[in-house]
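Residue-level structural notes
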Amino acid sequence: LGNPGVQYSKQYHNLGLIFASWLCDAYSNELVAKKSDYELLKFSNFYLIKPNTFMNTSFRSISNIYNMYKLKSTDFLIMHDELMLSKYEIKLKIPDGLTLPGNAGHNGLRNISEHMSANFARLRIGIDHPKNFNFKITVTNYVLSNIDDLAGYKKAFENIGLPLINQWLNLE
């Protein structure tokens, strides 16, 4: 998940989209479709949807693919920033089918959950909470601020994120 536009490209709220770009760099892929709401890329054993919608309307970027191919929510791995994890911490959350996970106030997850079951896997990318730094900043302003150490996130993607993505792909 992320917001479109250069002005948002290095913000914490765009880490899902940043990880998607790094995933494209890590594996060969082919652009299948470029629409106003998304780009669809084909890899050897999965597809990647790079959203081109604002966070609050995230489902719009996946709705065509979701409906056209009659996919289930369990077919999706949503990569997103997570306030409840420390910076550079990355966790894979796979629903058990019994308890639907919440959105923890994340507007992109909320929007997707409103249109399909919340029973999708998540790659949660830790950004920490501003209260942990005693920042006098709102959560909104924090997630929309620029990442202070993009190289640290790249290293976390390579060492933790990519193996977790591969783990999820092998579960499917």
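Before reading further, recall that the structure is shown in the block above.
Structure report, in brief. Every value quoted in this text rests on a predicted model; they were computed, and no experiment measured them.

1. Quick look at helix H5 (residues 150-171)
Counted at 1.5 Å a residue, the expected span for H5 with its 22 residues is 32 Å, and the 29 Å between its end C-alpha atoms agrees. Maximal helix bending in H5 amounts to about 45°, located at Phe 157. Check the buried side of H5 and you find it contacts helix H1 (15-26), strand E4 (77-82), strand E5 (90-93) and strand E6 (121-126).

2. Examining the pairing of strand E2 (residues 38-42)
By the bridge criterion, four bridges tie strand E1 (residues 30-34) to E2 in an arrangement that is antiparallel. Residue Lys 34 lies in a different strand from E2, and its bridge partner there is Glu 39. In this structure, the hairpin formed by E1 and E2 is closed by a connection of three residues. With five bridges joining them, E2 and strand E3 (residues 47-51) adopt antiparallel strand pairing. Its bridge partner lying in E3, Lys 42 is registered against Tyr 47. In textbook terms, the turn of a hairpin is the stretch between consecutive antiparallel strands, and for E2 and E3 this stretch comprises four residues.

3. Points about H1
Helical geometry: 3.6 residues make up each α-helical turn, so side chains three or four residues apart lie on a common side. The end-to-end C-alpha distance of H1 is 16 Å, a good match for the 16 Å that 12 residues give at a rise of 1.5 Å each. A large share of H1 lies buried, amounting to nine of its 12 residues. Within H1 the residues assigned to the buried category are Leu 15, Gly 16, Leu 17, Ile 18, Phe 19, Ala 20, Trp 22, Leu 23 and Cys 24. Considering only its buried residues, H1 is in contact with E2, E3, E4, E5, E6 and H5.

4. Section: the side chain of Asn 3
Residue position: Asn 3 is located in the segment before H1. A polar contact of 2.8 Å, which involves the side chain of Asn 3, links it to the backbone nitrogen of Met 55. Excluding residues that lie within four positions of it along the chain, Asn 3 makes contacts with Tyr 8, His 13, Asn 14, Leu 17, Thr 53, Phe 54, Met 55 and Leu 144.

5. Notes on the sheet that holds E5
Taken together, the three strands give an open sheet; going across it, the order is E4-E6-E5, and neighbouring strands pair in mixed fashion. The open sheet has two free edges, formed respectively by E4 and E5, since each of these has just one partner strand. The average angle at which neighbouring strand axes cross in this sheet is 20°, direction not considered. With four bridges joining them, E5 and E6 adopt antiparallel strand pairing. Paired with Ile 90 across the strands is Ile 125, a residue of E6. Docked against the sheet, H5 engages E4, E5 and E6, running at close to 15° with respect to E5.

6. Focus: the side chain of Ser 61
Structurally, Ser 61 can be placed in helix H2 (residues 58-68). The class for Ser 61 is buried, based on a relative accessible area of 2%. At 2.6 Å, the side chain of Ser 61 and the backbone oxygen of Ser 58 are in polar contact. Non-local contacts of Ser 61, meaning those with residues more than four positions away in its chain, are made with Asp 37, Tyr 38, Ile 49, Pro 51, Asn 52 and Thr 53.

7. Some thoughts on the sheet that holds E1
Think of a sheet as strands paired side by side through backbone hydrogen bonds, with each pair either parallel or antiparallel. Pairing within the open sheet is antiparallel, and its three strands lie in the order E1-E2-E3. Of all the strands in the sheet, just E1 and E3 have a single pairing partner and so form its edges. Averaged over all adjacent pairs, the angle separating strand axes in this sheet is 25°, with direction ignored.

Reading the values: rules and limits
Residues numbered from 1 in each chain as written. Predicted model: local features only at pLDDT ≥ 70, side-chain atom pairs only at ≥ 80, totals over all residues. Heavy atoms only, no water. Helix = DSSP H or I, 4+ residues; strand = E, 2+ residues; numbered from the N terminus. Expected span 1.5 Å × (residues − 1). Bend = angle between axes of the 7 residues up to and from the residue. Contact = heavy atoms within 4.5 Å. Pairing = 2+ DSSP bridges. Buried < 20%, exposed > 50% of the residue type's maximum accessible area, 1.4 Å probe, protein only. Polar contact = N/O pair within 3.5 Å; in protein donor to acceptor, adjacent residues only side chain to side chain. Axes fitted to C-alpha atoms, helices over the stretch in contact; angles between N-to-C directions.

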